[in-house]
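Descriptive analysis of the structure
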Amino acid sequence: MHRYQTLPLGQSPFAPVLADRILHRFKEQGWGSLVDRVVALAKRAEDARNDVDSPQFLAALGEAMRSGAMLPNSPLLVNCAETNPRLFACFAVDVDRPAADFLANFRFIHDGMGGVGYAIKADEPNPDRLIRLIDQDTCAHQQGRPRPASNAVTMPIHGNLDTFLGLAGTLAVTNMNVALSDEFMASIRFDEDSQRRIDSIAERIHATGQPGIVFPDRIKRVSREHGAAFAANVCGEAPLAVDESALLASVNLVAFVEQDTAGRHVFDFASFSRCVAICVRMLDGMHDLQTHASDAIRRNSLATRKVGVGVMGFAHALMLLDLPYGSDAAEAFARELSKRLYEAARAESQRLASRLGPYPAFDPSGGVPLRNANLAAIAGTATIALIVGTSCGIEPIHSHVLTQRVIDREIRIMDPVVSFLLQERGFEPADVEQRMATGESLREVAGDDFADLCSTALELPGSVHIRMQAALQSGIDCGITKTVNCLSETSIAEIRAWLLQAHESGCMGLTIYRNASLENQPVRVG
């Protein structure tokens with residue numbers, strides 16, 4: 001068996017389409033110049049601090065990006081050459097103030113490609129009016145932004161649920177979340193009102209794909225001000241105190257699938273851990289360069305210096321390692337990966353704290369000093385996964401042959417790892433794609449074992465999605481962006497059961513999307 005070659009930066013079939021958005025005025029200089037700009041920005045941070053081996057770190061950062069082994073979040077890629085750079089992806093904004101104040105913060109963040117989360121109180125008298133105000137204002141200011149802006153609103157379960165759920169499916173750019181406390185989840189067994197509420201949530205998810213679910217008692221609450229309210233960011237992987245922000249980077253797991261002396265694919269955990277450390281150091285430095293929307297956001301963010309290192313290419317790595325998604329072996333690998341991710345991030349944060357000091361809000365009674373209050377968060381990685389040609393976040397592949405809408409174009413390809421594995425087994429991918437176009441399934445063409453190895457999201461039961469999410473949640477300190485993509489035939493009862501399973505298995509939250517619930521979903525199979 002040959003080793004699968006990770007695509008260097010810019011070689012993905014999606015990269016040319018994304019060049020206008022990511023490279024913008026530097027498009028003619030190519031993707032290599034993007035790496036140079038990011039490294040130059042990291043050097044600015046390094047030059048202002050007293051850390052060791054800066055030249056080696058900067059060289060390793062550049063190589064990791066050029067090889068497609070990691071990328072920081074999109075705002076950093078797009079804005080790294082600006083005089084006053086806006087580099088962060090994740091924000092939570094306090095809306096318990098005059099609208100003119102918080103809307104100005106929303107607009108500033110959105111213009112820099114950030115996404116905004118906010119929380120509404122259980123006793124908010126007009127939650128629908130507030131949510132629609134923010135949604136409409138965001139839409140009214142979309143022109144000229146590098147990409148359409150989006151928000152996420154979280155409401156506690158004991159708020160005005162019926163009014164809140166009535167908004168599901170009617171908002172243009174706002175994701176909705178309901179916060180389900182442990183107390184509420186326990187009460188479902190015996191309380192009729194709690195049962196009615198969970199049933200109502202399942203019904204709206206079935207109809208619209210919203211709301212998402214957050215289990216707030218599992219959020220690690222570290223903030224500059226004790227007792228601050230928290231909100232989920234747009235995708236949910238980085239819960240933040242209001243008026244706080246964080247930035248992310250994702251490691252491409254496929255880049256660390258190696259061959260042993262017997263020719264078998266194995267995962268190189270040592271190299272993976274070194275890449276995680278590079279991410280932590282780079283992200284921490286960006287805290288000192290970020291241009292914030294307000295003094296409050298700046299103070300709160302610098303007090304905690306939250307970062308989120310995650311992964312992408314999980315499904316592709318499993319396939320290369322001959323581990324079917326959802327198998328016991330894949331679950332064991334996920335748990336080990338989660339543990340190694342957090343351990344590597346924590347070790348580097350400890351090292352940085354010993355050189356540069358812990359984050360200012362660190363409680364000395366909390367153990368070994370850390371440079372960053374949050375460390376590991378697994379994002380959805382939609383854009384950056386397309387840039388490096390790998391599977392998104394921890395999602396299963398969507399299809400063996402997919403049609404992906406990217407900005408204003410549709411691109412149809414056979415999944416690259418499916419294509420590679422077919423070739424390894426003596427099949428010609430183009431012939432297989434042609435046979436599938438005439439109605440044959442991959443199972444009929446290549447057999448059960450191969451089809452099971454390359455299972456798609458809709459072929460996997462929702463319970464398997466949740467079990468894998470829980471395994472990856474087990475070792476990290478923040479959340480995970482993960483959607484249970486399920487068949488259109490999925491019932492309300494099944495969705496209700498998955499909500500309970502997610503809580504029982506230790507997830508921090510859950511999003512469920514029933515296929516074809518929306519007319520313009522971005523990925524089509526076949």
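Our subject is the structure listed above.
The structure displayed is predicted, hence computed values, not measured ones. (Residues numbered from 1 in each chain as written. Predicted model: local features only at pLDDT ≥ 70, side-chain atom pairs only at ≥ 80, totals over all residues. Heavy atoms only, no water.)

1. Considerations on the overall build of the protein
Stated precisely, the cut-off is as follows: Each helix is a run of H or I in the DSSP string that is no shorter than four residues. Each strand is a run of E no shorter than two, and both are numbered from the N terminus. For the radius of gyration, the atom set is restricted to C-alpha positions; the globular benchmark scales as 2.2 Å times the number of residues to the power 0.38. Throughout, a residue-residue contact means that at least one pair of heavy atoms, one from each residue, lies within 4.5 Å.
A count of helices and strands for the protein gives 20 helices and 17 strands. For 526 residues, the compact-globule formula gives about 24 Å, and the C-alpha radius of gyration of the protein, at 22 Å, lands near that figure. On the principal axes, the C-alpha backbone points of the protein span a range of 65 × 60 × 45 Å. Partitioning the intrachain contacts of the protein with sequence separation of at least 6 by distance along the chain shows that 74% fall at a separation of at least 24.

2. What to know about the pairing of strand 5 (residues 174–179)
Convention followed: Buried, partly exposed and exposed residues are distinguished by accessible area as a fraction of the type maximum, computed with a 1.4 Å probe on protein chains only: under 20%, between the cut-offs, and over 50%, respectively. Criterion used throughout: strands pair if DSSP finds at least two bridges between them.
Most of strand 5 is tucked away, with five of its six residues classed as buried. Where strand 4 (residues 151–156) meets strand 5, six bridges bridge the pair, whose relative direction is parallel. Among the inter-strand pairings, M155 is bridged to a residue of strand 5, identified as V178. Pairing analysis gives three bridges linking strand 5 to strand 6 (residues 212–214), with the strands arranged parallel. By the bridge assignment for strand 6, V178 is matched with I213.

3. Some remarks on the environment of T170
Operational definition: Any pair of N or O atoms that falls within 3.5 Å is considered a polar contact. Within protein, one atom must be able to donate a hydrogen and the other to accept it, and sequence-neighbouring residues count only if both atoms are side-chain atoms.
The topology assignment puts T170 in the loop between helix 7 (161–165) and strand 5. Sequence separation between T170 and T208 is 38 residues, and the spatial gap between their C-alpha atoms is 9.2 Å. A distance of 2.6 Å separates a polar side-chain atom of T170 from the backbone oxygen of L167.

4. Focus on the packing of helix 10 (residues 269–286) against helix 13 (residues 328–356)
Filter applied, for reference: Axis definition: a line fit to C-alpha positions, over the contact stretch in the case of helices; interaxial angles, taken between N-to-C directions, run 0 to 180 degrees. Each angle is binned into one of four classes, with values under 35 degrees roughly parallel, values over 145 roughly antiparallel, values of 65 to 115 roughly perpendicular, and all other values oblique. Handedness of a crossing is defined here by the sense of rotation of the near helix relative to the far one, left-handed for an anticlockwise turn of less than a right angle and right-handed for a clockwise turn. Residue polarity is assigned by list, with Asp, Glu, Lys and Arg as charged and Ala, Val, Leu, Ile, Met, Phe, Trp, Tyr, Cys and Pro as nonpolar; anything else, Gly included, falls into the polar class.
Across the interface, helix 10 lies against helix 13 with an axial gap of 9 Å and an inter-helix angle of 45°. The angle between helix 10 and helix 13 falls in the class oblique. Considering only the axes of helix 10 and helix 13, their crossing is right-handed. Here F269, F272, S273, V276, A277, V280, R281 and D284 of helix 10 come into contact with helix 13, specifically with F333, E336, L337, R340, L341, A344, A345, E348, S349, R351, L352 and L356. For the contact of helix 10 with helix 13, the residue count by class is twelve nonpolar, two polar and six charged.

5. Let's talk about the side chain of H503
Of note, H503 is situated in helix 20 (residues 492–504). In this structure H503 comes out as buried when scored by relative accessible area, which is 15%. There is a polar contact of 2.9 Å between the side chain of H503 and the side chain of D182. Ignoring anything within four residues of it in the chain, the contact list for H503 reads D182, M185, F215 and R218.

6. Quick notes on helix 9 (residues 192–208)
Applied cut-off: To estimate the expected span of a helix, subtract one from its residue number and multiply by 1.5 Å.
Under the 1.5 Å per step criterion, the end-to-end length of helix 9 is 24 Å for 17 residues, consistent within 8% with the ideal 24 Å. For helix 9, the set of buried residues is S194, R197, I198, S200, I201, A202, I205, H206 and T208. Each element contacted by the buried residues of helix 9 is listed here: helix 7, strand 5, helix 8 (182–187), strand 6, helix 20 and strand 16 (509–514). The N-terminus of helix 9 is capped by D191, whose side-chain oxygen sits 3.2 Å from the backbone nitrogen of D193. Trailing helix 9 by a residue or two, G209 shows a phi angle of about 80°, which is positive.

7. Description of helix 15 (residues 416–424)
If you check which residues of helix 15 are buried, you get V417, V418, S419, F420, L421 and L422. In this fold, the buried residues of helix 15 make contact with strand 11 (265–267), helix 12 (314–320), strand 14 (409–414), helix 16 (429–437), helix 17 (442–446) and helix 18 (448–453). One side-chain oxygen at the N-terminal end of helix 15 lies 3.0 Å from the backbone nitrogen of V417; it belongs to D415. Downstream of helix 15 by one or two residues, G426 has phi in the positive range, about 90°.

8. Some points on the environment of R514
Tracing the sequence through the fold places R514 in strand 16. Residue classification places R514 among the buried residues on the basis of a relative accessible area of 15%. Beyond its immediate stretch of four places on either side in the chain, R514 contacts H206, A207, C486, L487, S488 and T490. A polar contact of 2.7 Å, which involves the side chain of R514, links it to the backbone oxygen of H206.

9. Description of the packing of helix 9 against helix 20
It is the contact of helix 9 with helix 20, at a shortest axis distance of 9 Å, that shows an interaxial angle of 115°. Note that helix 9 runs across helix 20; the crossing there is right-handed. Contacts between helix 9 and helix 20 involve Q195, I198, D199, I201, A202, E203, I205 and H206 from the first element and I492, I495, R496 and L499 from the second. Looking at side-chain class alone, the contact of helix 9 with helix 20 contains seven nonpolar, two polar and three charged residues.

10. Section: the packing of aromatic side chains
To keep it simple, the criterion reads: Two rings from Phe, Tyr or Trp (for Trp, the six-membered ring) form a pair when their centres sit within 6.5 Å of each other. Planes less than 30 degrees apart are called stacked, planes more than 60 degrees apart edge-to-face, and all others tilted. Two conditions define a charge sitting above a ring: the NZ of Lys or the CZ of Arg must be within 6 Å of the ring centre, and it must be within 35 degrees of the ring normal.
As enumerated under the stated definition, the model contains twelve aromatic pairs in all. Judged by centre distance (6.4 Å) and plane angle (15°), the ring pair of F314 and F333 falls under stacked. Of this pair, F314 sits in helix 12 while F333 sits in helix 13, and the two are 19 residues apart along the sequence. One Lys or Arg, R218, reaches over the ring of F215 and ends 5.3 Å from the middle of that ring. Here the basic side chain of R340 rests over the ring of F269, its NZ or CZ set 4.5 Å away from the ring centre.

11. Some thoughts on the side chain of T154
Structurally, the position occupied by T154 is in strand 4. The exposure class of T154 is buried, given its relative accessible area of 8%. Setting aside its immediate chain neighbours within four residues, T154 contacts Y118, A119, I120, N177, A179 and A232.

12. Focus on the pattern of salt bridges
The condition that has to hold: Whenever a carboxyl oxygen of Asp or Glu lies within 4 Å of a side-chain nitrogen of Lys or Arg, that contact is scored as a salt bridge.
Going through the model one piece at a time under the given rule, you end up with 36 salt bridges. A salt bridge links E336 to K339, with the shortest nitrogen-to-oxygen separation between them at 3.7 Å. You can see E336 and its partner K339 sitting in helix 13, three residues apart, about one turn around the helix. Given the relative accessible area of 34%, K339 is considered partly exposed. A salt bridge links R443 to D448, with the shortest nitrogen-to-oxygen separation between them at 3.3 Å. What makes R443 partly exposed here is its relative accessible area of 35%. Looking at D448, the relative accessible area reads 47%, which means it is partly exposed.

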